[in-house]
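# Close look at the chain arrangement
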Amino acid sequence: MTTRAGQGGRTTGRIATTDGGAPPEPAEGHPDRHHDEAGKRSEGGKRAAPANVFSLFDNEEAVLDRTEVMLTQLAAVADGVKVLAEAYRRGYREQRRLVRLSDRMQADLQKANKRLAEQQRDLQTLNEALSGEIETSARLEAELRRLADTDPLTGALARRRFLEVCARDWPRRPGQQACLLMLDIDRFKLVNDRNGHAAGDAALVAFVAACRSALRSLDAVGRLGGEEFAILLVETGPEDGALIAERIRAAVAANPVATEGGPIGITVSIGLAASGPEESLEAAMRRADAALYAAKHGGRNRIERAPSPEAQG
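In this report, the structure presented in the accompanying data block is examined. (Residues numbered from 1 in each chain as written. Predicted model: local features only at pLDDT ≥ 70, side-chain atom pairs only at ≥ 80, totals over all residues. Heavy atoms only, no water.)

## A few points about the overall build of the chain
Summing up its helical and strand segments, the chain has eight helices and five strands in all. Ordered by position in the sequence, the α and β elements of the chain form the string α-α-α-β-α-α-β-β-α-β-α-β-α. Residues classed as buried in the chain amount to 27% of the 313 residues present. Carbon and sulfur atoms make up 55% of the accessible area of the chain, which totals about 21500 Å². (Helix = DSSP H or I, 4+ residues; strand = E, 2+ residues; numbered from the N terminus. Buried < 20%, exposed > 50% of the residue type's maximum accessible area, 1.4 Å probe, protein only. Areas by Shrake-Rupley, 256 points an atom, 1.4 Å probe, with all protein chains shown as cover.)

Next up, the structure:
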């Protein structure tokens, strides 16, 4: 027979047996079962928890260690983020500085290009002005050379230029030939005295025109002074030179000079000297001048041929 025993009028919830044996274990979930387990833990002090039961306190150190590791890692990550943020800020500031610098450089470049364009326009204007000055200078130089090289009245070569041409074209090698003519308008002073200096100028112009009508383009005619002229016939022997001289004499005599007082006739005396072997220009000019003097004294309006150097020697 079983009875419930209690303290203070309460039952203990345990079932007593009359046969003196141990009472049976309470059923699973019965309150007495939990009470017995608590009593067993109290007997003999602490009792180890089962291995399969989780204890927060047993894992606390490991959790704290892992937490510290994670915090360290987070701190390192935070430091890295700070470094990156600072680098980004520096990069952004540098980028903005470079952008401002680029803007200033572009503005300066635009100003420089504008100034360069203005300078190019100014330079072009100066170049055009300089080109005009050069052209003007070239024309003036050519005109001065022409005036220096030619007689302004007749257009014949001036004395200096004629002598330069003769020195250049006078024969220097064996087999080369040339003739030198010295010409003087007959009684030219009388023409001036009777008809005036304007008529005398017209006579000089007409005389040179008559000479050129009988000459080739490679021949040269020069005014040595007053009414005295000279002609160089290049690549010409004595016979051909005499024929050319005669054409000149005939052309001058056949063409009266037109003046305000009416036409006037003029004639010319010519001395001819053919080049000799290795003869200098100066020697030939002396022979031609002597022949002209002989033509003057021989009656004027005629041609006198100078003896060859060999005959004079």
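## Section: the sheet that holds strand β2 (residues 220-225)
What the five strands build is an open sheet, ordered β2-β3-β1-β4-β5; its pairing is mixed. Lying at the two open borders of the sheet, with one neighbouring strand each, are β2 and β5 (303-305). Sheet twist, expressed as the average angle between the axes of neighbouring strands with direction ignored, equals 20°. Here strand β1 (residues 178-185) runs beside strand β3 (residues 228-234); their pairing, made up of seven bridges, is antiparallel. (Pairing = 2+ DSSP bridges. Axes fitted to C-alpha atoms, helices over the stretch in contact; angles between N-to-C directions.)

## Describing the pairing of β2
Most of β2 sits out of view: five of its six residues are buried. Note that β2 and β3 share five bridges and pair antiparallel. Bridging across to β3, valine 221 finds its partner in isoleucine 231.

## Topic: the pairing of strand β4 (residues 268-274)
Of all seven residues in β4, seven are buried, a share of seventy percent or more. Strand direction decides the pairing type here: β4 and β5, joined by three bridges, are parallel. The residue bridging leucine 272 from the neighbouring strand is arginine 305, located in β5. The handedness of the β4 to β5 crossover, carried by helix α7 (residues 281-297), is left-handed. (Right-handed = clockwise from strand over helix to strand, strands pointing away.)

## Some details on the nonpolar core
In terms of nonpolar packing, the biggest core is built from 33 residues, with Leu181, Leu183, Phe207, Ile231, Ile248 and Ile266 touching the most fellow members. Among the secondary structure elements, those contributing two or more residues to this core are β1, α4 (188-195), α5 (197-213), β3, α6 (238-254) and β4. For this core, the element with the most residues is α5, which contributes seven residues. Counting residues in hydrophobic clusters, the runner-up holds 21 residues, among them Ala220, Ala273, Met285 and Ala288. (Core = buried A, V, L, I, M, F, W, Y, C linked by side-chain atoms within 4.5 Å.)

## Observations regarding the packing of α4 against α5
Where α4 contacts α5, the two axes come as close as 6 Å, and the packing angle between them is 140°. Between α4 and α5, the crossing angle belongs to the class labelled oblique. Where α4 approaches α5, its residues Phe188, Val191, Asn192 and Asn195 are matched on the opposing element by His197, Ala199, Gly200, Ala203 and Leu204. Its residues assigned to classes, the contact of α4 with α5 comprises five nonpolar, four polar and no charged. (Parallel < 35°, antiparallel > 145°, perpendicular 65-115°, else oblique. Contact = heavy atoms within 4.5 Å. Nonpolar A, V, L, I, M, F, W, Y, C, P; charged D, E, K, R; others polar.)

## Side note on a negative patch on the surface
There is a patch of like negative charges on the surface, built from Glu60, Glu61, Asp65 and Glu68. Along the chain, aspartate 65 falls in helix α2 (residues 60-149). (Patch = residues over 30% accessible without salt bridge, like charges linked within 9 Å, V, L, I, M, F, W, Y side chains within 5 Å. Salt bridge = Lys/Arg side-chain N within 4 Å of Asp/Glu carboxyl O. Lys, Arg positive; Asp, Glu negative; His and termini not counted. Charge placed at Lys NZ, Arg CZ, Asp CG, Glu CD.)

## Remarks on the packing of aromatic side chains
Taken as a whole and judged by the stated rule, the model has two aromatic pairs. On the basis of an interplanar angle of 50° and a centroid distance of 5.0 Å, the ring pair of phenylalanine 207 and phenylalanine 229 is categorised as tilted. On the criterion of sequence distance, the pair formed by phenylalanine 207 in helix α5 and phenylalanine 229 in strand β3 is long-range, its members being 22 residues apart. (Phe/Tyr/Trp six-rings, centres within 6.5 Å; stacked < 30°, edge-to-face > 60°.)

## Regarding α6
The end-to-end C-alpha separation of α6 is 24 Å, in line with the 24 Å expected for 17 residues at 1.5 Å each. Every buried residue belonging to α6 is among Gly241, Ala242, Ile244, Ala245, Ile248, Arg249, Ala251 and Val252, and all of these are buried. Among the structural elements, β1, α5, β3, β4 and β5 are those in contact with the buried residues of α6. (Expected span 1.5 Å × (residues − 1).)

## Describing unusual backbone geometry
Within the chain, arginine 187 stands out as a residue other than glycine whose phi angle is a positive 50°. Position of arginine 187 among the secondary structure elements: in the loop between β1 and α4. Positioned with a positive phi, glutamate 235 is a non-glycine residue whose angle comes to about 50°. Along the chain, glutamate 235 turns up in the loop between β3 and α6.

## Remarks on the pattern of salt bridges
Tallying each qualifying case throughout the model produces 19 salt bridges. Arginine 160 is paired through a salt bridge with glutamate 164; the nearest N and O atoms lie 2.8 Å apart. Here the residue arginine 160 and the residue glutamate 164 both occupy positions in helix α3 (residues 159-169), the gap between them amounting to four residues, near one helical turn. Of the charged contacts, one joins aspartate 184 and lysine 296 as a salt bridge, the two residues approaching to 2.5 Å between their closest N and O atoms. Remark: lysine 296 occurs in helix α7 and aspartate 184 occurs in strand β1; sequence separation between them is 112 residues. We classify aspartate 184 as buried; its relative accessible area is 11%.

## Observations concerning the side chain of glutamate 279
Of note, glutamate 279 is situated in the loop between β4 and α7. Polar contacts involving the side chain of glutamate 279 include one to the main-chain amide nitrogen of glycine 276, which spans 2.9 Å. In contact with glutamate 279, not counting residues within four places along its chain, are Trp170, Ala274, Ala284, Arg287 and Pro309. (Polar contact = N/O pair within 3.5 Å; in protein donor to acceptor, adjacent residues only side chain to side chain.)

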